[in-house]
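Listed here are the chains, written in short residue letters.
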Amino acid sequence: MSGAQSARKTSYREAVKEAIREALQKDERVFLMGEDVGHYGGCYAVSKGLLAEFGPERIRDTPLSEGGFVGAGIGAALGGLRPIVEVMTVNFSLLALDQILNNAATLLHMSGGQFNVPLVIRMATGAGKQLAAQHAHSLEGWYAHIPGIRVLSPATLEDARGMLWTALQDPDPVLIFENNTLYNMEGNLSETAGPVDIDTARIRRSGSDITLITYSASLYKCLDAATALAGEGIEVEVIDLRSLRPLDDATYLESISRTNRALIVDEGWRSGGISAEISARIMEQGFYDLDTPVERICTAEVPIPYARHMEEAALPRIDTIIDTVKRMVRHG
Amino acid sequence: MPRSRIDIPETIHYLSILDEHGVLDTELEPQIDDKTLIALYSAMLLGRRFDERMLDLQRQGRIGTFPPIKGQEAAQIGSIFQLKSTDWFVPAFRETAAEIWRGRSLESILLYYNGFNEGTIIPADQRDLPMAVPVGSQILHATGLGYAARYRGTDEIVMTYFGDGATSEGDFHEGLNCAAVYQAPVIFICQNNQWAISIPLKQQTHSATIAQKALAYGMPGIQVDGNDVLAVYTAAQEAAERARNGDGPTLIECVTYRVMMHTTADDPSRYRDDEEVERWRQKDPLTRFAVYLQNKGLLDQSREQEIETEVLAKIQTAVDSAEKQMKTLGEPLDMFNHLYAKMPPSLQCQKEEVRQYLANNTGEVHHG
Ligand SMILES: Cc1ncc(C[n+]2csc(CCOP(=O)(O)OP(=O)(O)O)c2C)c(N)n1
Ligand SMILES: [Mg+2]
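Residues numbered from 1 in each chain as written. Chains lettered and ligands numbered in written order. Predicted model: local features only at pLDDT ≥ 70, side-chain atom pairs only at ≥ 80, totals over all residues.

- By the naming in an unreviewed UniProt entry, chain B goes by Pyruvate dehydrogenase E1 component subunit alpha and is assigned to Desulfopila aestuarii DSM 18488.
- Among the UniProt annotations of chain B, the heading Cofactor (unreviewed entry) holds the following wording: "thiamine diphosphate".
- Quoted verbatim from the Catalytic activity (unreviewed entry) field of UniProt, the annotation for chain B is "N(6)-[(R)-lipoyl]-L-lysyl-[protein] + pyruvate + H(+) = N(6)-[(R)-S(8)-acetyldihydrolipoyl]-L-lysyl-[protein] + CO2". (UniProt positions renumbered as here; feature names shortened; annotations may be inferred.)

- By the naming in an unreviewed UniProt entry, chain A is Pyruvate dehydrogenase E1 component beta subunit, taken from Desulfopila aestuarii DSM 18488.
- We quote the UniProt Cofactor (unreviewed entry) comment for chain A here in full: "thiamine diphosphate".

Here it is, written out as C-alpha cells:
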C-alpha cells in the first residue's frame, strides 16, 4: 500500500465487522443471521454492537439449527434478500451440508437456470486456539470440491474488509472462511479500503528461487519463513490464493515458470485436499517448468489435538517450511 | 414443590366436510362459486389422468422413473387454490397436480422425467421452486421465503408440501420451529399418505397425529380429511388468511393415501396388503367430489364427458409435443451451463474437453 494514503490501525475482526456494517448500510436487502449474532455479538465477537445499530430484524439471532438457518437463508435469498449467514465454525457447518451442497449449489441447475442463490455464508475455520477435534478443522478445501459455490479465504485485513461486499454482489452462493487465529491480528488498513476482487490470487512477496502457494493463516507462516530464508540468500515468492474455488491457476503457474519450484502449504488434511488439487494442476499445466517435484506441507491427518504442543506439531510449521524449501532449492 | 398442570391453549381439530360416501355437512360447507368448483374438479381430473398416462408411458419405456400422485389430488388442489401468482409454491416431489395448477406445462414434466435439462426450466417470474428430492430440505426454504416476504413488508405467503416421512427429518423440526419463531407467513402442507416408501406411518412417528406437532412449535395445526377437497380448501383458506394478516404459520395434515407405488421403480405388494389399498380406493377424492357436484346440479353426464375429453386432449397434445421436442433437445454441453452466473475458466476447460470428446467419438450430438 502506498504510504500516501492515510491508514489506521485495526484488527481482522474489526475489518470483517466494518464490511458487514457497510453492507447493511448500503443495501436494505442485506441482513445478518446466525447463532448468537445479536446481543452476544457472535461467538468470535465479530458482530458485537451491530444489534444496537441495526435492530433485531437485520441482526437476526436464530434458533440452534444450522441446517435450519442455512436453509432459511437460501429461501430468503430466493425471496429477494441478501442474507449473510454466520455459522459458528466449519465443523458445525456439516449439519448444514445438505443445504449447502444438495440445495444452494444445485438450485440453479435444478431450476433450469431460473434461481441463482445470492447467499453469503461466513464461518470460522482452522486450528491454533486449542479448540480440539470438533471445532478446529480446516475444511475449506473440502468445500472447494463442490461445483456451484465459490469458496473464499481472506488472509489480510484488506480482504477481510473487502471480500464480503463483492461476494454479496455475486449471484451465486459464496462461502467465506475466516481463520480463527486471524481475528486478533492487527495492522494498518487504508481509510479508503473497500471492495476487492474475489477472482485472483496475489503475490504477497516476490522471489526468484521457489514459489510457496498458500492461503489464510498459513500465509503468515510462509512470509515468516521467507524472511528467514532471505537471510540465507534464498528468495521465496509467496502466493496467497484468496479464492479456493475457482482457483486462479494463471497466477501460480506464471510464478512457477520463473521460479521452477513449488511448495504448497495448506492447513487442511493432505489426502484428497486442495493441496493435491493444486499439485495436480501444476503437473498438468506446468510440468515442464519444474526443476524439482512439487511438495506439500499439510496438517497431520489426525483429529486436531487439544494439547498445545500436540496441536502445534500437527499443523504446518515455520521450521518445516524452511527446511523443505532449503532441501528443494539445493537439490533442484 | 407442587406438580401442577400446564394448560396449552390450543387443541387439534379434525375437519371433514364431504365424507367418503359423498355425504355433505351442510353447516361446514364452504361458499365456493360454481366456476371455482368446476375448476377444482377439472384440475383434480387433469392431475389424475396425467398421472395415469405417465404410468403408461413409463411402462412403455417412453419416460423414466416418477412418483405417482393418484389418490392425493384433493390434498394438492384444495390447498394450492389458495395461492396467488405472487405467492410462493415450494413443492417436494409428489405434487404434480399442484405444479400443473401453478402453470407448469405437461411438456415440461414429461421432459423432466425423461431426464432432459430443459424440463427443469422454470419460467421467469414464476414463484415456484423446483421439486425437492432430498426429503424435507425444501421446508427450510419455505421458512426463509416467508421470512423474506415479511421482511419486505408484503402480504405474500408461502405454501410448502412434504410427506409423512419428511416429518421425521430434522429439517421439518428446524423449518417449523424457525417459522414459528419468526411468525413467517408459511403454510406447511403435510400430505400424510400413510407410507414413506415401505415404512408405514406407525413406524414413522408415535404421535397420534402429525397435526399435533404444530403445538410444540406454538403454531396452529389441523388435521383434515385429505381426500375431501372441501375440507382441504377450507383449512388452507383459513391458514392463508392468518398468514396474510401477519398471524404466522400453520401446519395442515392432509390424511390421504398413496394408492400407487412409491415410484415406478417400486413394487408395494412386497410390503402392504391389497386389502388396505382397496379400503382407501373406496375413499377416492374424485368420486365423492363428482357426487357433490352432481347433487349441486353442476355436473351431469354430458358435462362430465366434456371435461374428460378436454383433459385427455390436452394430455395427448402435450405427449406429442414433448416427444417431438425430445428429438432436438438434450444438448450434453448444457450440463455445464447452470452452475455459475458466469462460467469460471476451469469449467470452461472441462466443457471444451467434453465438446472435443463428443466431436471425436460420435461426430454428432446424441439426443435423448
Ligand atoms: C434425505 C433423504 N433421505 C432419503 C431419501 C430417499 N427417499 C426418497 S422419498 C422417501 C420417502 C418419503 O416419504 P414421505 O415423506 O412420506 O413422502 P411420500 O414419498 O410418501 O410422498 C425416501 C426415504 C431422500 N430422497 N432424501
Ligand atoms: Mg408418505
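Looking at the overall build of chain A
1) Next: Within chain A, the secondary structure is distributed over 13 helices and 14 strands.
2) Next: Computed over C-alpha atoms, the radius of gyration of chain A comes to 20 Å, within 12% of the 20 Å expected from 2.2 N^0.38 for 332 residues, which places it in the range of a compact globule.
3) Next: In terms of overall dimensions, chain A has C-alpha extents of about 60 × 45 × 40 Å along its principal axes.
4) Next: Pairs at least 24 apart in sequence give 79% of the contacts found in chain A among residues at least 6 apart. (Helix = DSSP H or I, 4+ residues; strand = E, 2+ residues; numbered from the N terminus. Rg over C-alpha atoms; globule rule 2.2 N^0.38 Å. Contact = placed C-beta atoms within 7 Å.)

Observations regarding the domain arrangement of chain B
1) Next: Examined at the domain level, chain B breaks down into domain 1 (13–326) and domain 2 (332–361).
2) Next: Put simply, the middle of domain 1 of chain B and the middle of domain 2 of chain B, counted by C-alpha atoms, are 37 Å apart. (Domains from an automatic or database assignment.)

Describing the sheet that holds strand β3 (residues 158–163) of chain B
Within a beta sheet, neighbouring strands are joined by backbone hydrogen bonds and run either parallel or antiparallel to one another.
Residues and elements named next belong to chain B.
1) Next: With parallel pairing, six strands are arranged side by side in an open sheet as β1-β7-β8-β4-β3-β2. This sheet does not close on itself; its edge strands, each paired only once, are β1 (13–15) and β2 (88–90). With direction set aside, neighbouring strand axes in the sheet form an average angle of 20°.
2) Next: Pairing of β3 with strand β4 (residues 186–192), which is carried by six bridges, proceeds in the parallel orientation. Bridge pairing links valine 158 to valine 186 in β4.
3) Next: Contacts from helix α9 (residues 229–244) reach β1, β4, β7 (221–225) and β8 (250–255) within the one sheet, and its direction differs from that of β8 by about 170°. (Pairing = 2+ DSSP bridges. Axes fitted to C-alpha atoms, helices over the stretch in contact; angles between N-to-C directions.)

Re the sheet that holds strand β7 (residues 174–179) of chain A
Residue and element names in this part refer to chain A.
1) Next: Strand order across the open sheet formed by seven strands is β3-β2-β4-β5-β7-β6-β12, with mixed pairing between neighbours. Single-partner strands in this sheet number two, and they are β3 (59–61) and β12 (243–245). Geometrically, the sheet is characterised by an average inter-axis angle of 25° between neighbouring strands, direction not taken into account.
2) Next: The sheet contact formed by strand β4 (residues 82–89) and strand β5 (residues 120–125) spans five bridges and is parallel.

Re the confidence of the model for chain B
1) Next: Of the residues in chain B, 98% reach a pLDDT of 70 or more, and the chain-wide mean stands at 94.
2) Next: Of the two predicted TM-score estimates for the complex, the pTM is 0.89 and the ipTM is 0.79. (pLDDT = per-residue confidence, 0-100.)

With respect to the UniProt feature "domain: Transketolase-like pyrimidine-binding" (unreviewed entry) in chain A
1) Next: Under the UniProt annotation, "domain: Transketolase-like pyrimidine-binding" (unreviewed entry) lies at residues 10–185 of chain A.
2) Next: For residues 10–185 of chain A, helix accounts for 38% and strand for 19%, while the C-alpha atoms at its two ends are 8 Å apart.

Here's the deal with helix α6 (residues 170–182) of chain B
1) Next: An ideal rise of 1.5 Å per residue puts 18 Å on 13 residues; α6(B) measures up with 18 Å between its terminal C-alpha atoms.
2) Next: Across the 13 residues of α6(B), 12 count as buried, placing the element largely inside the fold.
3) Next: On its buried face, α6(B) is in contact with α3 (66–78) of chain A together with α5 (137–151), β3, β4, α8 (213–217) and β8 of chain B.
4) Next: One or two steps after α6(B), the chain reaches Gln183(B), where phi turns positive at roughly 50°. (Expected span 1.5 Å × (residues − 1). Buried ≥ 20, exposed ≤ 12 C-beta atoms within 10 Å, placed from the backbone.)

As for the interface of chain B and chain A
1) Next: Taken residue by residue, the interface counts 35 residues in chain B and 36 residues in chain A.
2) Next: If you list the elements that add at least two residues to the side of chain B that touches chain A, you get α5, α6 and α13 (345–361) of chain B.
3) Next: The element that contributes the greatest number of residues to the side of chain B that touches chain A is α5(B), accounting for 11 residues.
4) Next: Here the side of chain B that touches chain A is built from residues that sort into 19 nonpolar, 12 polar and four charged. (Nonpolar A, V, L, I, M, F, W, Y, C, P; charged D, E, K, R; others polar.)

Some points on the pairing of strand β14 (residues 295–299) of chain A
Residue and element names in this part refer to chain A.
1) Next: Summarising the sheet, strand β13 (residues 262–269) and β14 pair through four bridges and their orientation is parallel. Residue pairing for β14: valine 265 is matched across the bridge by isoleucine 297.
2) Next: Read as a crossover between parallel neighbours, the route from β13 over helix α11 (residues 274–286) to β14 is right-handed. (Right-handed = clockwise from strand over helix to strand, strands pointing away.)

Some thoughts on the UniProt feature "domain: Dehydrogenase E1 component" (unreviewed entry) in chain B
1) Next: Feature annotation in UniProt places "domain: Dehydrogenase E1 component" (unreviewed entry) on residues 42–326 of chain B, given in this structure's numbering.
2) Next: Summarising residues 42–326 of chain B: 48% helix, 11% strand, and an end-to-end C-alpha distance of 28 Å.

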